[in-house]
Amino acid sequence: MFTNIRQPEVLASYRIPVNAGRVAETPAEAKAIAEELGSAVAVKSQVHTGGRGKAGGIKLAKSPAEAEAAAEKILGMDINGHTVHKVLIVPAVDIQREIYLGVILDRAQRQVSLMASAEGGVDIETVARETPEKIVRVLADPYLGLHAWQAREVGFALGLDAKQVGQFADIALKLYKAFMETDATLAEINPLIVTGDGTVMALDSKMSFDDNALFRHADIQDMRDLAEEEPTEIDAKASGISFVKLTGNIGCIVNGAGLAMATMDAVKLSGGDPANFLDVGGGASADQVANAFTLVTADPAVKAILINIFGGITRGDVVAQGIREALGRVQVTVPIVVRLSGTNATEGQAILAEAGITAVDSMDEAARKVVESVGQAA
Amino acid sequence: MSILVNSESRILVQGITGKEGSFHTSQMVEYGTPVVGGVTPGGAGKSVAGAPVFDTVAAAVEAVQPNVSIIFVPARFAPDAIYEAADNNIPFIICITEGIPILDMVPVYRHVKDKGLRLLGPNCPGIITPGEAKVGIMPGFIHERGPIGLVSRSGTLTYEVVDALTRAGLGQSTAIGIGGDPIIGTSFIDALELFQADPATEAIVMIGEIGGTDEEDAAAYIAEHVTKPVVGFIAGRTAPPGKRMGHAGAIISGGSGTADGKIAALNAAGVNVALRPSDVPGLIRDARSA
């Protein structure tokens, strides 16, 4: 899982000009910060989702008292399912233009790309969908990186004047450097603004990082805002399980990511609703299955569990023993349906049947049976 | 015939003395795969499942002339292993390793490409030509020799479909797992091109999943260049946007990379997409008799 962090600190450490503000967790703190800044301020919700402005999560305040009132309103607000725990207080600025600037991984080209749009401040994905011609892109050389002339070319394409292009290119090169050095998968400034006096600076930013590279970035690990992440997903990550919580009532435990997705789809096709995506990894050991039971049963919505293991090189009887052992350690009260295939699958199914667990050979049959068991329970 | 590997291949295993490397070398040799040697720095003189171990790829090249290398080296050291294989001009490099930092793969991909070599993976199960060579971690016994070429981004889901094909009496010419990472060496298009040119392949199964635009690009390629029947399966119709589904590359972002979008693109290119993995053999039969 990538960790998403709204991080003005990262930009500041690369000396990208930022409209500097401070974070408040209470209305009183918001007031104190506004007093210190001594100007009109913007109070912005700090949550990992887009569309904050539209949801009322960003408010202007002319005085410290207004800042306090705005923070009072925004803190605790729900934006796209995320509760606001923090607000950012920044000086209000005179905005002439808003630009989108991002460094992304271009998967099709297998290169890093600098992407900009004259339509800043709005969701770039909407721009990409509706008016793709407004987006300017250049690809960074895999060995040499992004050249200054490429950044200038993008700046001129956005219609900036020569003086602004100089500032823009400087920011773009620093953002590229930040992206590469932190092993980011996304680094975006949205909006990048041009003020009334022609200064170019970052107003808001977002970065996502590559989990595979976190081992060489202890500093980024420390910046993760765990309060903003789903608690069970954090527990899963700690035990090496890929887990994503969904809204249904059938818990899924599967070996392999592709098969786990196909299993969710099969549950849906049989008229059920999956409660989660879960990949226990290739081997499906007793420890991992026990961890998976703990994760899945933590969700009170779960009314039945479907375990889908394609044995392959791992033997079916070993997986079945593992499931029984895991059930001895974790209390599971909902019906369980197991699909077990591969080497020694028949022996494995017999071991499970002895323990009173429904075990079948095909994924379609397992999906049907688990959906039926929920229907009976209801 | 088949694609990329067969009984004449000369296979080298990088990371052969590690836990994964030694286990899967034994499995490959047991299947009858022509493994000619392995590499572990400091391992020279040892042997694994009868294959001699060398300190460097260069020493292995001199002694046993491999033309395929399969890499089981841990993620932090895997890019270096790929460079070592590439700099010794091994024409086909397979990287099984999962968890390589994405940005490390950007120059690796370019280097391999610039040298005119082929990379499969990373984060993939490898490739198998049934009855000839199993160069990967897939269970060999579910495969059967036959006319179906199979290409997939996934591991166990591929086994699921292979198993369904074999039970239905449809064997495989070659099954190739291209991997679940955002940056991979061999794309769907590369595999489709090889299967189209392979006389032993009569129909193709393509197994995709959410994230990226590889399936859409493949659909456009099929419409233009592939005359053999193609049947698809796309995992992740029920996946929510913005969440990574296990594989680093399996994420819907900003409305792009959805299963529905991929299915629509494939349908438009004349590819029938199965609702369930178990529907694949039936669709293959329909496509071949059409």
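Rules and cut-offs
- Residues numbered from 1 in each chain as written.
- Chains lettered and ligands numbered in written order.
- Predicted model: local features only at pLDDT ≥ 70, side-chain atom pairs only at ≥ 80, totals over all residues.
- Heavy atoms only, no water.
- Domains from an automatic or database assignment.
- Core = buried A, V, L, I, M, F, W, Y, C linked by side-chain atoms within 4.5 Å.
- Buried < 20%, exposed > 50% of the residue type's maximum accessible area, 1.4 Å probe, protein only.
- Helix = DSSP H or I, 4+ residues; strand = E, 2+ residues; numbered from the N terminus.
- Contact = heavy atoms within 4.5 Å.
- Expected span 1.5 Å × (residues − 1).
- Buried area = accessible area lost by both parts, 1.4 Å probe.
- Polar contact = N/O pair within 3.5 Å; in protein donor to acceptor, adjacent residues only side chain to side chain.
- Nonpolar A, V, L, I, M, F, W, Y, C, P; charged D, E, K, R; others polar.
- Disulfide = S-S within 2.5 Å.
- Pairing = 2+ DSSP bridges.
- Salt bridge = Lys/Arg side-chain N within 4 Å of Asp/Glu carboxyl O.
- 1 Å grid on protein atoms, 1.4 Å probe; cavity = no way out; pocket = protein on both sides within 12 Å on 5 of 7 lines; lining within 4 Å.
- Points joined across faces, edges and corners; volume = space filled by probe spheres on them.

As for the domain arrangement of chain A
Where the parts come together, the accessible area they lose is often given as the size of the interface.
Here is step 1: When its domains are assigned, chain A resolves into domain 1 (21-91), domain 2 (95-222) and domain 3 (231-377).
Here is step 2: A separation of 25 Å is found between the C-alpha centroids of domain 1 of chain A and domain 2 of chain A.

Topic: the nonpolar core
The tendency in soluble globular proteins is for nonpolar side chains to be buried side by side.
Here is step 1: Ranked by size, the top nonpolar core spans 96 residues in total, and within it B:Ile70, B:Ile94, B:Val135, B:Val205, B:Met206, B:Met245 and B:Val280 carry the most contacts.
Here is step 2: Per element, the largest residue contribution to this core is 8 residues, and it comes from helix H9 (residues 257-269) of chain A.
Here is step 3: Those residues in contact with B:Ile70 that lie beyond four places of it in its chain are B:Ile11, B:Leu12, B:Val13, B:Gln14, B:Met28, B:Ile94, B:Ile96, B:Val135 and B:Gly136.
Here is step 4: Membership of the second largest hydrophobic core comes to 67 residues, among which are A:Ala187, A:Met207, B:Val57 and B:Ile100.

A word on helix H5 (residues 156-167) of chain B
All names here are of chain B.
Here is step 1: Under the 1.5 Å per step criterion, the end-to-end length of H5 is 16 Å for 12 residues, consistent within 8% with the ideal 16 Å.
Here is step 2: Buried residues dominate H5, accounting for 11 of its 12 residues.
Here is step 3: Along H5, the residues that are buried comprise Thr156, Leu157, Thr158, Tyr159, Glu160, Val161, Val162, Asp163, Ala164, Leu165 and Thr166.
Here is step 4: At the C-terminal side of H5, Gly169 shows a positive phi close to 80 degrees.

Observations regarding the interface of chain A and chain B
Here is step 1: With 48 residues of chain A at the contact, the number on the chain B side is 65 residues.
Here is step 2: Interface of chain A and chain B: buried area, both sides summed, is about 4,500 Å²; carbon and sulfur atoms make up 62% of it.
Here is step 3: Contact with chain B buries surface across chain A, with A:Arg107, A:Arg110 and A:Ile313 losing the most and accounting together for 19% of the total.
Here is step 4: Taken together, the links from chain A to chain B amount to 12 residue pairs in polar contact (both at pLDDT 80 or more).
Here is step 5: At the level of secondary structure, the elements contributing two or more residues to the side of chain A that touches chain B comprise strand S9 (111-117), helix H4 (124-130), helix H6 (162-181), strand S11 (184-195), strand S14 (242-245), H9, strand S18 (336-341) and helix H13 (363-377) of chain A.
Here is step 6: With 9 residues, H9(A) is the single largest residue contributor to the side of chain A that touches chain B.
Here is step 7: Its residues placed into classes, the side of chain A that touches chain B shows 24 nonpolar, 11 polar and 13 charged.

Notes on the state of the cysteines
Here is step 1: One pass over the full model with this rule turns up 0 disulfides over all chains.
Here is step 2: No disulfide involves B:Cys95; its sulfur sits 7.2 Å from the nearest other cysteine sulfur, which is in B:Cys124.

Observations concerning the pairing of strand S3 (residues 41-45) of chain A
All names here are of chain A.
Here is step 1: The element S3 is largely enclosed, with a buried count of 5 among its 5 residues.
Here is step 2: Burial of S3 is two-sided: the residues Val41, Val43 and Ser45 facing one way and the residues Ala42 and Lys44 facing the other way are all buried.
Here is step 3: Of the pairings in the sheet, the one linking S3 to strand S4 (residues 58-61) comprises 4 bridges and is antiparallel in character. Looking across to S4, one finds that Val43 is bridged to Lys59.
Here is step 4: The pairing of S3 with strand S7 (residues 87-91) spans 5 bridges and is classified as antiparallel. Along S7, the bridge assignment pairs Ser45 with Val87.

Describing unusual backbone geometry
Here is step 1: Of note, the amide linkage connecting A:Asn190 to A:Pro191 takes the cis form, showing an omega dihedral of 5 degrees.
Here is step 2: For A:Pro191, the position within the fold is in strand S11.
Here is step 3: Residue B:Pro122 is reached from B:Gly121 by a cis peptide bond, and omega for that bond is 10 degrees.
Here is step 4: Tracing the sequence through the fold places B:Pro122 in the loop between strand S7 (118-120) and strand S8 (126-129).
Here is step 5: The backbone of B:Ala49 sits at a positive phi, close to 50 degrees, despite the residue not being glycine.
Here is step 6: Among the secondary structure elements, B:Ala49 is positioned in the loop between strand S3 (47-48) and strand S4 (51-54).
Here is step 7: Taking relative accessible area as the criterion, B:Ala49 reaches 39% and is therefore assigned partly exposed.
Here is step 8: At B:Gln65, a position not held by glycine, the phi torsion is positive, near 45 degrees.
Here is step 9: Looking at the secondary structure, you find B:Gln65 in the loop between helix H2 (57-64) and strand S5 (68-71).

Overview of the pattern of salt bridges
Here is step 1: One pass over the full model with this rule turns up 22 salt bridges over all chains.
Here is step 2: Where A:Lys268 meets A:Asp273, a salt bridge forms, and the shortest distance between an N and an O atom there is 3.5 Å.
Here is step 3: Looking at A:Lys268, the relative accessible area reads 43%, which means it is partly exposed.
Here is step 4: In this structure A:Asp273 comes out as partly exposed when scored by relative accessible area, which is 32%.
Here is step 5: In this structure, B:Glu160 and A:Arg339 form a salt bridge, with 2.7 Å as the shortest nitrogen-oxygen distance. On the criterion of chain membership, the pair formed by B:Glu160 in helix H5 and A:Arg339 in strand S18 is interchain, its members lying in two chains.
Here is step 6: Ionic contacts of the salt-bridge type, sharing partners, join the residues B:Arg153, B:Glu209, B:Glu215, B:Glu216 and B:Lys262 into one network.

A word on empty space enclosed by the protein
Here is step 1: Within the structure shown, the criterion is met by 3 cavities of 30 Å³ or more.
Here is step 2: Volume-wise, the largest cavity comes out at about 100 Å³.
Here is step 3: As for the largest cavity, its lining consists of A:Arg107, A:Ala108, A:Arg110, B:Arg153, B:Gly179, B:Asp181, B:Pro182, B:Ile184, B:Gly211, B:Gly212, B:Thr213 and B:Asp214.
Here is step 4: Of the residues contributing to the lining of the largest cavity, the split by class is 3 nonpolar, 4 polar and 5 charged.
Here is step 5: Computed from the structure, the second largest cavity encloses a volume of approximately 60 Å³.
Here is step 6: Along the walls of the second largest cavity sit B:Pro125, B:Gly126, B:Ile128, B:Met138, B:His143, B:Thr158, B:Tyr159, B:Val162, B:Ala175, B:Ile176 and B:Gly177, which together make up its complete lining.
Here is step 7: Elements with a contribution of two residues or more to the lining of the second largest cavity: S8, H5 and strand S11 (172-177) of chain B.

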